[in-house]
Amino acid sequence: MIRVEIFANQSMEDLLLNNLEAAIPDFYYSVVPLSHGRGGETRKLGTTTWPETNVIIISYCDDGVLAKIETVVNYIKEKHKAEGIKLFVLHDR
């Protein structure tokens, strides 16, 4: 079992979810729709000074789907380099 966390600009939410659901029929997830914070290059605070926000997609799934998730996320990440898409995977012990 793995925990997958995908952080991205909020504008990428639908694109990521639609592609993940198409590639992985039983892809179940939770969404944290408004994530504020500071990354390596910019702040995302949802204010007039820092207007953007991030989205966090969290999924618990079998190890066997990790390659599909990585393929989908990396493809979108390559097409949208400025959107700060990050993928984190936590493995069960």
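The notes below deal with the structure included here. (Residues numbered from 1 in each chain as written. Predicted model: local features only at pLDDT ≥ 70, side-chain atom pairs only at ≥ 80, totals over all residues. Heavy atoms only, no water.)

**Overview of the pattern of salt bridges**
Item 1. According to the stated counting rule, one finds 2 salt bridges in the structure shown.
Item 2. With its nearest N and O atoms 2.6 Å apart, the salt bridge here joins arginine 3 to glutamate 5.
Item 3. Between glutamate 78 and lysine 81 there is a salt bridge; the shortest N-O distance is 3.1 Å. With respect to class, glutamate 78 is no different from lysine 81; both count as exposed. (Salt bridge = Lys/Arg side-chain N within 4 Å of Asp/Glu carboxyl O. Buried < 20%, exposed > 50% of the residue type's maximum accessible area, 1.4 Å probe, protein only.)

**Re the packing of aromatic side chains**
Item 1. Inspection of every chain in the model, using the stated rule, returns 2 aromatic pairs.
Item 2. A ring pair is formed by phenylalanine 7 and phenylalanine 88, whose centres lie 5.7 Å apart and whose planes are at 90°; its orientation type is edge-to-face. With phenylalanine 7 in strand β1 (residues 2-9) and phenylalanine 88 in strand β6 (residues 86-91), the pair connects residues that are 81 residues apart, well separated along the chain. (Phe/Tyr/Trp six-rings, centres within 6.5 Å; stacked < 30°, edge-to-face > 60°. Helix = DSSP H or I, 4+ residues; strand = E, 2+ residues; numbered from the N terminus.)

**Observations concerning the nonpolar core**
Item 1. Counting 20 residues, the largest nonpolar core has Ile6, Leu16, Leu20, Ile69 and Ile85 as the members making the most contacts within it.
Item 2. When contributions to this core are tallied by element, the ones reaching two or more residues are β1, α1 (13-23), β5 (54-61) and α2 (66-79).
Item 3. Examining the composition of this core, we find that 5 residues originate from one element, α2, more than from any other.
Item 4. Sequence-distant contacts of leucine 20, defined by excluding residues within four places in its chain, comprise Ile6, Phe27, Ile69 and Val72. (Core = buried A, V, L, I, M, F, W, Y, C linked by side-chain atoms within 4.5 Å. Contact = heavy atoms within 4.5 Å.)

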